[in-house]
Amino acid sequence: MGWRNRLEEAAKSKPLFVTMYATVIIGVLVSSFYVFSAIYSPNNSSSASSFSTFSSFSSSSSSLSTEADHDHDHDHGHDQPSTSTQPPFFPPSILEPPRTTKMPSLDHFRLSKELVQQRVKHNIIIVTFGNYAFMDFILTWVHHLTHLQLSNFLVGAMDTKLLEALYWKGVPVFDMGSHMSTIDVGWGSPTFHKMGREKVILIDSILPYGFELLMCDTDMVWLKNPLPYLARYPEADVLTSSDQVVPTVVDDRLDIWQQVGAAYNIGIFHWRPTDSAKTLAKEWKEMLLADEKIWDQNGFNELVRRKLGPSVDEESGLAYAYDGNLKLGVLPASIFCSGHTYFVQAMYQQLRLEPYAVHTTFQYAGTDGKRHRLREAMVFYDPPEYFDAPGGFLSFKPSIPKSLLLDGEHNIESHFSLVNHQVKQIRTALAIASLLNRTLVMPPLWCRLDRLWFSHPGVLEGSMTRQPFICPLDHVFEVNIMLKELPEEYGPGINIREYSFFDNPLLPKQVKDSWLEVHLCEEGNQGCALNNTNRPGVLRLPKRSNEETLKTVFSSFKDVKVIQFSSMQDAFLGFMDKTREEKFRKRVKRYVGIWCCVMNHTPGHIYYDMYWDEKPDWKPIPPQRPEDDHPPT
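Residues numbered from 1 in each chain as written. Predicted model: local features only at pLDDT ≥ 70, side-chain atom pairs only at ≥ 80, totals over all residues. Heavy atoms only, no water.

**Here's the deal with the overall build of the protein**
Of regular secondary structure, the protein possesses 19 helices and 22 strands. A buried classification covers 52% of the 633 residues belonging to the protein. Relative to all contacts within the protein whose residues are 6 or more apart in sequence, the contacts with residues 24 or more apart total 69%. (Helix = DSSP H or I, 4+ residues; strand = E, 2+ residues; numbered from the N terminus. Buried < 20%, exposed > 50% of the residue type's maximum accessible area, 1.4 Å probe, protein only. Contact = heavy atoms within 4.5 Å.)

**Here's the deal with the sheet that holds strand E12 (residues 357-359)**
The sheet built from 3 strands is open, its strands ordered E5-E12-E11 with mixed pairing. Among the strands making up the open sheet, the edge pair consists of strand E5 (220-222) and strand E11 (336-337). Pairing of E11 with E12 involves 2 bridges; the strand directions are parallel. Within the sheet, the bridge partner assigned to Cys337 lies in E12 and is Val358. (Pairing = 2+ DSSP bridges.)

**Quick look at a negative patch on the surface**
Together, Glu235, Asp313, Glu314 and Glu315 make up a region of like negative charge exposed at the surface. Along the polypeptide, Glu315 turns up in the loop between strand E8 (308-311) and strand E9 (319-321). (Patch = residues over 30% accessible without salt bridge, like charges linked within 9 Å, V, L, I, M, F, W, Y side chains within 5 Å. Areas by Shrake-Rupley, 256 points an atom, 1.4 Å probe, with all protein chains shown as cover. Salt bridge = Lys/Arg side-chain N within 4 Å of Asp/Glu carboxyl O. Lys, Arg positive; Asp, Glu negative; His and termini not counted. Charge placed at Lys NZ, Arg CZ, Asp CG, Glu CD.)

**Section: the nonpolar core**
Counting 57 residues, the largest nonpolar core has Leu430, Ile432, Phe477, Phe554, Phe565, Tyr591 and Met610 as its most contacted members. The greatest single-element share of this core, amounting to 12 residues, is contributed by helix H15 (residues 412-436). When sequence neighbours within four positions are dropped, the list of residues in contact with Tyr591 reads Leu430, Phe477, Glu478, Ile481, Met482, Ile494 and Met610. Counting 42 residues, the second largest nonpolar core, distinct from the first, contains Ile124, Val142, Leu227 and Phe336. (Core = buried A, V, L, I, M, F, W, Y, C linked by side-chain atoms within 4.5 Å.)

**Points about the state of the cysteines**
One pass over the structure, following the stated rule, counts 2 disulfides. Residue pairing for Cys447: its cysteine sulfur links by disulfide to Cys471, the two sulfurs lying 2.1 Å apart. In this structure, the disulfide formed by Cys447 and Cys471 twists by about 55° around the S-S bond and is classed as right-handed. Of the two residues, Cys447 sits in strand E15 (residues 445-447) while Cys471 sits in strand E16 (residues 469-471), which places them 24 residues apart along the sequence. Considered together, Cys447 and Cys471 belong to a single accessibility category, that of buried residues. Two residues share a disulfide in this structure: Cys596 and Cys597, whose sulfurs sit 1.4 Å from each other. On the basis of relative accessibility, which here comes to 8%, the residue Cys597 falls in the buried class. (Disulfide = S-S within 2.5 Å.)

**Let's talk about the pattern of salt bridges**
Taken as a whole and assessed by the stated rule, the structure comprises 29 salt bridges. Notably, a salt bridge pairs Asp613 with Arg427, separated by 2.8 Å at the nearest N-O pair. Pair noted here: Asp613 is in the segment after strand E22 (606-607) and Arg427 is in helix H15, with a separation of 186 residues, a long-range link. The shortest N-O distance in the salt bridge between Lys551 and Glu547 comes to 3.4 Å. Residue Lys551 and its partner Glu547 are located together in helix H18 (residues 547-554), separated by 4 residues, close to a single helical turn. Residue Glu547 is classed as buried on the basis of its relative accessible area of 4%.

**Regarding the packing of helix H5 (residues 135-147) against helix H6 (residues 160-168)**
Running from N to C, H5 and H6 cross one another at 35°; their axes reach a closest spacing of 11 Å. Considering how the two elements wind past one another, H5 and H6 form a crossing that is right-handed. Where H5 abuts H6, its residues Met135, Ile138 and Leu139 lie against Leu162, Ala165 and Leu166. Of the residues belonging to the contact of H5 with H6, the class tally is 6 nonpolar, no polar and no charged. (Axes fitted to C-alpha atoms, helices over the stretch in contact; angles between N-to-C directions. Left-handed = near helix turned anticlockwise from the far one by under 90°. Nonpolar A, V, L, I, M, F, W, Y, C, P; charged D, E, K, R; others polar.)

Nothing here speaks to function; it is all geometry.
Right, dumping it as structure tokens:
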């Protein structure tokens, strides 16, 4: 190297020159170290990387640091925290495995100002948290943020199993020290309420660090970068989502706070580290810790609405709240969507707006129902094997007469006539899928009436729900039961996929290219004979085929990925094996749920019946006596 040659030349010269050369070289090395340290310092970089040694940094990190970042932080008046302590072991880039083979100790994942600073950009940190049961939701949440080129996020792990799993996948994670169970605790359970308190403790812990906090539940996804929108309201102390289902604005302004009668929803909300916000977080935490019966969201609403109004000004849409000093804004429900405004009303579509987020509220069938809704919307990230199931797939084209969809009033009778017509076809498809050991791709399900957990006239007054509409599967079916492993007495399980499955861009080519169309025909008619077709990939199958016929015919197509029936009406005569039939009936009877709720009647729910057509006197009415209030037998 050049510097080594110069030293050798200097050694042959006088000692004074040796000293001068050595001094200059040492000075250059020291200066270089400080220059590179400044360039690659986590304080000056918005990179996803953070390492414990200088040699681990990549040169690309410095290119993400800009003067705008520093100016923005300076404007907020927040001192940059010291990074003298050892940073956590985050890998070079998001979702890239770490370069070590040894799991660091839990101390390296402890929440601190220094750890959060590693992720902050424009003084904002985006945070979610959960336990191992929500691993796939968390990965979906992360995928959406990275797709939006956002890296300033952290995930709080409530159990060690999740922390380790996320670490090895390269997700920036910290230990919440919760020692939470790794299983799904279920909404409303004591553990569920404990998780809610952990959220409030987390908010109270992070705000004193001086960073803006965008706090999210794991059962929501980001569809558009929200940070520019939040920056439109720099005076807001808190911006919160809500359960509002009636639009108060038809553009992307904040909802009109005087017209928001629904609860503020704490699944998506943004906090600035102001004195009023920090005071609110502290009082909220103390309230919940003092009374374990208070639901965290109710506590937030009680405190914020303690004093609500007047408006901060005429333009922003902000209102004074809580202590009279806190400035509150309600995010528009049309684009910061709930499960109702997104999946049922599609409010953003009707208003021609782009949604920023969807939160799986207003839904049924627990966590499985949430997951299925996100899959229906094609915003859930599943592994490749989900899209190429063993045994292949079965689908069918549903047949719905126009009269059932559009004629007459939208009432309970017309709703059940429409749904029952579809349920019967789905029942046949489930039977054939069971016989062929294939995964059933559910059809889109049409409803005339909304489903809620309280009495209503069919659709919520003032909402934008159209009739009829494609309703989520959990409006009619118990998705959690369909996906649950049942005892042997219920016969073999039947896997399902969402109706949008074949439209998903993640569907592999080998599935798209392996397709068999099955056209039903009347046996005895000309051309209605097995394999009697001149079109490749098309099979003609007589209606009312029995179990043996289906098994025999389709045994030749086991390697075909997708078998699609032109119809399910009269496609299957029935099981020959009576034991299997009884097990199948027992299974699918549990698959359907309830419609809720009839006005002025207790109970107001009406049970769907998978075998409604076998009961001539069946009517869509709620149970008339307490002893009648049970699923159909």
